[in-house]
Amino acid sequence: VVGGGVVGLACALELLRAGHEVTLLVRNEKEAASRVAGGMLAPFSEGLTDELLEFSVESLGLWREFLETVKELSNRSVFFSKGILRVAKDERELDELKKLRSYYLKRFCSSAELAEGEELGKLYPKLSEKLAGGVFYEEEGNVDTEELTEALFTAFLRLGGELRREGALRVNRDGERVLSVKTHSGKLEADYFVFAAGAWTKELFDVPVFPVKGQIARAELPPDGPPFVVYARDAYLIPREKDLLLGATTERAGFDARPTVKGASALTGNALSVLPALEEAEFYELRVGFRPGTPDGKPVFYFGENFALVSGHYRNGILHAPLTARLVFLLIERREVSPYFQKFSPYRFRRT
Ligand SMILES: Cc1cc2nc3c(=O)[nH]c(=O)nc-3n(C[C@H](O)[C@H](O)[C@H](O)COP(=O)(O)OP(=O)(O)OC[C@H]3O[C@@H](n4cnc5c(N)ncnc54)[C@H](O)[C@@H]3O)c2cc1C
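Position labels on residues start from 1 in each chain and follow its written sequence. Predicted model: local features are reported for residues with pLDDT of at least 70 only, side-chain atom pairs are reported and counted for 80 or more only, and whole-chain, interface and lining totals are derived from all residues. Excluded from the side-chain calculations are hydrogens and water; all other atoms, namely the structure's heavy atoms, are used.

Undergrad: Quick rundown of the environment of A219? Include the residues and the values.
TA: Helix numbers and strand numbers start at the N terminus; a helix is a DSSP run of H or I with at least 4 residues, a strand a run of E with at least 2. Within the fold, A219 resides in strand β11 (residues 210–220). With 17 residues separating them in the primary sequence, A219 and K202 have C-alpha atoms 34 Å apart.

Structure (structure tokens):
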């Protein structure tokens, strides 16, 4: 398995649990977007539609079991909170949220409490009075991604996985067959290869995956901070056990890893417009991560004779990890090809 983000780790763990010998190739654990991510499991708050919504909701359904398994196998705790409040800044946006809510309630979720105007204050009184309303999606959630990544690595090692801290430099292929992966220390051969290299996928395969820079701030969690994630169109506030994340910018800036003044200003300004009481909270730091973006914002899945490529999870890779790992497992173990391999095939970009 190439890639030490949540997607690669989830695939590696699923394969180890099935009794396979797994080697994980990780160039740099710290650069993974998975560590920086807000960790929201939020298909509804994100406003997803079509096959991306279907995939995301299916993966959300696997999340609780996935988390319990990771905690059990690693013997580590991983902070998780339930429910996300999607707020609207004006009446027009609230109308859009209401339409989406009705659509989601028909097929995709069973709980979506609507709060209009002052009713919002009953859910959390500190919110800005200027907000028009919101919808509370109880089935959504949030996971501490640093704890999750650590727990996944621990579980991987405890199950006997081999971790190699080096990069894949090149994939040697003969058509649809991967012969080996070249690294600085030599050539790595395997019965099967899984590539989950996130935003760096293009270094190994000719697929349209590119980095989308995201800056996210970490601040003090005030004593009367939000009891759940609050998600607005230009800001989200994620309360964790000991801090509060303020997310996130979306920038096309290549692999520019610098936190910027503009980023800090946008994140804090937008967060304050949702939660003015945040003003005096201590500002801790600004982090940068690279989402694996694609031209249509949907994943890129591909498989050959003895390899699978799973990438392009863009804004929802944490949410998507359990289902992606399950599909890779089914492909390798049972030769079952999920329809998602077709829906998210890179060939869709060649047709247009
Ligand atoms: C600011 C921000 C907020 C986000 N918030 C959310 C959120 O709330 N919810 C959500 O679901 N998603 C969120 N995301 C998106 C999510 O982080 C990504 O979709 C997800 O982490 C992708 O996981 P991955 O494992 O594919 O890639 P990554 O986590 O980026 O991991 C890729 C790994 O591959 C390794 N690698 C790359 N190339 C090679 C190579 N050649 N050889 C060896 N190793 C290699 C890298 O070192 C890295 O370890 C957010 C992202 C950002 C930046």
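Undergrad: Lay out the side chain of R291 in plain terms, naming residues and giving numbers.
TA: If you trace the backbone, R291 turns up in strand β15 (residues 283–293). Buried charged residue R291 carries no salt bridge. Nearest counter-charge: E251, at 7.1 Å. A simple rule labels every residue: compare its accessible area, found with a 1.4 Å probe on the protein chains alone, to the largest value its type can have, and call it buried under 20%, exposed over 50%, or partly exposed in between. His is not counted here, nor are the chain ends, while Lys and Arg score as positive and Asp and Glu score as negative. Note on definitions: salt bridges are taken to be side-chain nitrogens of Lys or Arg within 4 Å of carboxyl oxygens of Asp or Glu.

Undergrad: Give a detailed account of helix α1 (residues 6–17), specifying residues and quantitative values.
TA: Here the expected span of a helix is defined as 1.5 Å times the quantity of residues minus one. Along its 12 residues, α1 runs 16 Å from first to last C-alpha, staying within 8% of the 16 Å computed at 1.5 Å per residue. Extensive coverage of α1 is indicated by the burial of 11 of its 12 residues. Those residues of α1 that fall on the buried side of the exposure criterion are V6, V7, G8, L9, A10, C11, A12, L13, E14, L15 and L16. After α1 finishes, the residue G19 shows a positive phi value of roughly 95°.

Undergrad: With reference to specific residues and values, describe the sheet that holds strand β10 (residues 193–195).
TA: In a beta sheet, neighbouring strands pair by backbone hydrogen bonds and run either parallel or antiparallel. Paired strands, as defined in this entry, are two strands with at least two bridges between them according to DSSP. Across the sheet, 3 strands lie side by side as β10-β17-β16; this open sheet has mixed pairing. The strands lining the two open edges of the sheet, one partner per strand, are β10 and β16 (300–303). For this sheet the average axis-to-axis angle between neighbouring strands, irrespective of direction, equals 10°. For β16 and strand β17 (residues 307–311), the ladder comprises 4 bridges, and the chain directions are antiparallel. Residue pairing for β17: F303 is matched across the bridge by A308. A fitted line through C-alpha atoms serves as each axis, taken over the contacting stretch for helices, and the angle formed by two N-to-C directions is quoted from 0 to 180°.

Undergrad: Provide a residue-level description of the packing of aromatic side chains, including the pertinent values.
TA: Planes of paired rings set the category: under 30 degrees apart is stacked, over 60 is edge-to-face and the rest tilted, where pairs are Phe, Tyr or Trp rings (Trp by its six-membered ring) whose centres lie within 6.5 Å. Counted according to the given criterion, the structure contains 24 aromatic pairs. Taken together, a centroid distance of 5.7 Å and an interplanar angle of 35° make the contact between Y231 and Y236 tilted. This pair shows no difference in class: Y231 is buried, exactly as Y236 is. Grouping aromatic residues by their ring pairs yields a cluster made of F55, F301, F303, Y340, F341 and F344. Directly above the ring of F210 sits R252, whose terminal nitrogen or CZ lies 3.9 Å from the centroid. Counting as a charge over the ring demands two things of the Lys NZ or Arg CZ atom: a distance within 6 Å of the ring centre and an angle within 35 degrees of the ring normal.

Undergrad: Account for the nonpolar core, with residues named and values stated.
TA: Put simply, buried Ala, Val, Leu, Ile, Met, Phe, Trp, Tyr and Cys residues joined by side-chain atoms within 4.5 Å make one nonpolar core. By size, the foremost hydrophobic cluster in this structure holds 62 residues, and its most contacted members are L24, F44, W63, L148 and V194. Elements with a contribution of two residues or more to this core: α1, α3 (50–74), α4 (91–107), β5 (133–143), α6 (145–158), β17, α8 (317–334) and α9 (339–343). Only heavy atoms enter the contact rule, under which two residues are in contact if any of them lie within 4.5 Å. Discounting chain neighbours no more than four positions away, the residues touching L24 are V1, G3, G8, L9, A12, F153, F156, E162, L163 and R164. Ranked by size, the runner-up nonpolar core spans 22 residues in total, among them L127, A217, L278 and A281.

Undergrad: Describe the site of the ligand, and please don't skip the residues or the numbers.
TA: As a matter of local geometry, the ligand sits amid 39 residues, with E31, S34, M40, A168 and Y314 nearest to it. Within the contact set of the ligand, an oxygen atom lies 3.0 Å away from a backbone nitrogen or oxygen of N28. Within the backbone of M40, an N or O atom sits 2.8 Å from an oxygen atom of the ligand. Residue burial considers only the protein chains on display, and all accessible areas are found by Shrake-Rupley using a 1.4 Å probe. The fraction of the free accessible surface of the ligand (1000 Å²) that becomes covered by protein chains is 99%. Note on definitions. A residue lies near a molecule or strand when any single heavy atom of the residue is within 4 Å of it. Think of a polar contact as two N or O atoms within 3.5 Å of one another; within protein, one of them needs to be a possible hydrogen donor and the other a possible acceptor, and neighboring residues in sequence only count if both atoms come from side chains.

Undergrad: Summarise the pairing of β11; cite the residues concerned and give the values.
TA: With 10 of 11 residues buried, β11 is to be regarded as a mostly interior element. Looking at chain direction, β11 and β15 are connected through 10 bridges and run antiparallel. Bridging across to β15, Q215 finds its partner in V288. One ladder, built from 4 bridges, connects β11 with strand β14 (residues 243–247); its direction is antiparallel. Opposite A217, over in β14, you have L246 as the bridge partner.

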